[in-house]
Amino acid sequence: VDIILSPATPCVAPQLREDAMSHGESNLTQTAQLMRYAVLGNFTGIPAMVFPVGYDDETSLPISLQIQAAHWREDLLFRVARESNGILEHGIAKPAMYVDVLGTENDDG
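The text that follows walks through the structure, step by step, so that each part is easy to find. (Residues numbered from 1 in each chain as written. Predicted model: local features only at pLDDT ≥ 70, side-chain atom pairs only at ≥ 80, totals over all residues. Heavy atoms only, no water.)

## Concerning the side chain of aspartate 56
Tracing the backbone through its elements, the reader meets aspartate 56 in the loop between strand 2 (48–55) and strand 3 (62–69). Among buried Asp, Glu, Lys and Arg side chains, aspartate 56 stands out as unpaired, with arginine 36 the closest opposite charge at 16 Å. Of the polar contacts made by the side chain of aspartate 56, one reaches the backbone nitrogen of glutamate 58; its length is 3.2 Å. Setting aside anything within four residues of it in sequence, one finds aspartate 56 in contact with Val12, Leu61 and Ile63. (Helix = DSSP H or I, 4+ residues; strand = E, 2+ residues; numbered from the N terminus. Buried < 20%, exposed > 50% of the residue type's maximum accessible area, 1.4 Å probe, protein only. Lys, Arg positive; Asp, Glu negative; His and termini not counted. Salt bridge = Lys/Arg side-chain N within 4 Å of Asp/Glu carboxyl O. Polar contact = N/O pair within 3.5 Å; in protein donor to acceptor, adjacent residues only side chain to side chain. Contact = heavy atoms within 4.5 Å.)

This is the structure in C-alpha cells:
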C-alpha cells in the first residue's frame, strides 16, 4: 500500500458561534467526530496531508481528502496533492490568509 486515502473529516466543518472569536469554543463531542480519520496517523505517527476537493453547497466551506503514507514517504503525499491540484473545476478558493507551501503559485504545471 503506497497511500491511504480517506475523507479528512466525516462532516463539513461546523459554523463558528458568534462569540467563538472572542471567548473560544470547546465542544469535545464535535472535536472527537471531526478528528475521527486523524486517529490512525496520531497513533502510528505516519505522515498525512489534507487538501480540498470540493465545496459544500450550503455553507461554501471546503470538503477535503486526507492522504497518509508510510514513514519517511512525505514525498508521496506532496506528489499526490500536487497532481490533485486541478481536481476542482474552478480551482481552489484561497482564504484571506494563504501560504503557498508547495511553491506552485506561479507554476504552469
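## A word on the pairing of strand 3
As paired elements, strand 1 (residues 3–7) and strand 3 share five bridges and run antiparallel to each other. If you follow proline 7 over to strand 3, its bridge partner there is leucine 65. Inspection of the sheet shows strand 2 paired to strand 3 by seven bridges, in the antiparallel sense. When the sheet's bridge partners are listed, methionine 49 is paired in strand 3 with isoleucine 67. (Pairing = 2+ DSSP bridges.)

## Quick word on the nonpolar core
Residues Met49, Phe51, Ile67, Ala69, Leu77 and Ala81 constitute the largest nonpolar core, which totals six residues. Breaking this core down by element, the ones donating at least two residues are strand 2, strand 3 and helix 4 (74–83). Ignoring anything within four residues of it in the chain, the contact list for phenylalanine 51 reads Ile63, Ser64, Leu65, Ile67, Ala81 and Ser84. (Core = buried A, V, L, I, M, F, W, Y, C linked by side-chain atoms within 4.5 Å.)

## So, the sheet that holds strand 2
Ordered by their spatial adjacency, three strands build an open sheet running 1-3-2, and the pairing between neighbours is antiparallel. Every other strand in the sheet has two partners, leaving strand 1 and strand 2 as the edge strands with one partner each. Between one strand and the next, the sheet's axes are offset by a mean angle of 25°, whatever the strand orientation. (Axes fitted to C-alpha atoms, helices over the stretch in contact; angles between N-to-C directions.)

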